[in-house]
Amino acid sequence: MSHKTLISGTAYEVVGGAQMIDGTKFQMGGGKTILGGTGYDIPFATGIPIGNLAVGSAVALNIGNFIVVHQGKPSSLYDDSCNGTWLLMKDIYEKRRWNSERVNDYANSEINSYLNGTFFTLLDSKAQKAIKEVKIPYRAGSGYGPNITSGENGLLVKSFLLSATEVNLGAPYEPPNEGACLSYFSGTKQGTGDAKRIAYLNGSATAWWTRSPFCYRDLGARRAITVDSIGSNSAEDCNVGAWTGIRPALIVSPKTKVTGDGTYTLS
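This is a predicted model, so every value here is computed, not measured.

In this section: the packing of aromatic side chains. A complete count under the given rule lists 10 aromatic pairs for this structure. Pairing Tyr114 with Phe119 gives two aromatic rings, centres 6.3 Å apart and planes at 45°, and the pair type is tilted. The residues Tyr114 and Phe119 share a single accessibility class, namely buried. Every member of this aromatic cluster is reached through a ring pair, and the members are Tyr78, Trp86 and Phe160. Its guanidinium or amino end placed over the ring of Tyr184, Lys196 lies 4.5 Å from that ring's centre, counting from NZ or CZ.

Below is the structure:
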């Protein structure tokens, strides 16, 4: 039995609480009630749905902290599988090259294989169970063509890089409409630096990959779009991994329960 409170005639589960003692806040783990002269513990509920968290909230997984960057399906360009809680790693996980083959084909890239293979297995069982398999908009194939494949024909993934469109980058030669701007990046500056796009590795602002190809004819199929160290746009050779980081994104079932105060963890 979990603890509940009544507000304006509606019962709400109590998922946590705190009290002040001599100016210090202490978390409460539950409540008590007296029945027939005997005291009984009443635990708080086991958590709240992650779909109730505000955009910008922090969620801690076993491999690091993530930011809630969107709630729900961003637009009709997405398959219904994308209706969930979008998480983006707060800072850069590591530096990796986009594709050793030096072609900007995301579906068949080294980074896509890594994120849905080795990286995914690093997540604990609770996270793996909560993460949805989704179909995301992407530019199919390699080269400089900008046409996007979306909806039910999108790329099937569990972990992925965000697109230039999703982070509101406004980069030259990015594929247009590769998804939609996510709520967290709404209002950010396009075509220039913005603090919301800056990410760090070991305390230093570092460039990070998007999944978007750089669609410029004169450079053929060699480059993909990056977010640079000031949160602006750039592009790098796909085979360059020495200074370009990755920020994995995940979509979690909105019913997944989380607990916490400030930073949330999966229940």
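Our next topic: the sheet that holds strand β8 (residues 58-61). Each strand in a sheet pairs with its neighbour through backbone hydrogen bonds, running either in the same direction (parallel) or in the opposite one (antiparallel). Read from one edge to the other, the open sheet built from eight strands follows the order β7-β22-β23-β8-β9-β10-β21-β14, with strand pairing classed as mixed. Pairing within the sheet leaves two strands with one partner each, and these edge strands are β7 (48-49) and β14 (159-160). Bridging between strand β9 (residues 64-72) and strand β10 (residues 84-89) involves six bridges; their strand directions are antiparallel. Across the sheet, Gln71 pairs through a bridge with Thr85, a residue of β10.

So, about the side chain of Arg139. In this fold, Arg139 is placed in the loop between β12 (134-136) and β13 (155-157). No salt bridge is formed by the buried Arg139; the nearest opposite charge belongs to Asp105, separated by 6.4 Å. A distance of 2.9 Å separates a polar atom in the side chain of Arg139 from the backbone oxygen of Asn104. In contact with Arg139, other than residues within four places in its own chain, are Asn104, Tyr144, Gly145, Pro146, Asn147, Ile148, Glu178, Pro213 and Cys215.

Time to look at the pairing of strand β23 (residues 263-266). Burial along β23 is one-sided: Tyr264 and Leu266 are buried, while Thr263 and Thr265, pointing the other way, are not. Where β8 meets β23, three bridges bridge the pair, whose relative direction is parallel. Opposite Ala60, over in β23, you have Thr265 as the bridge partner. Summarising the sheet, strand β22 (residues 257-261) and β23 pair through four bridges and their orientation is antiparallel. In the sheet register, Gly260 faces β23, and the bridge partner there is Tyr264. If you look at the hairpin formed by β22 and β23, you'll find one residue sitting between the two strands, and Gly262 has a positive phi there, around 100°.

About the cut-offs
Residues numbered from 1 in each chain as written. Predicted model: local features only at pLDDT ≥ 70, side-chain atom pairs only at ≥ 80, totals over all residues. Heavy atoms only, no water. Phe/Tyr/Trp six-rings, centres within 6.5 Å; stacked < 30°, edge-to-face > 60°. Buried < 20%, exposed > 50% of the residue type's maximum accessible area, 1.4 Å probe, protein only. Lys NZ or Arg CZ within 6 Å of the ring centre and 35° of its normal. Pairing = 2+ DSSP bridges. Helix = DSSP H or I, 4+ residues; strand = E, 2+ residues; numbered from the N terminus. Lys, Arg positive; Asp, Glu negative; His and termini not counted. Salt bridge = Lys/Arg side-chain N within 4 Å of Asp/Glu carboxyl O. Polar contact = N/O pair within 3.5 Å; in protein donor to acceptor, adjacent residues only side chain to side chain. Contact = heavy atoms within 4.5 Å.

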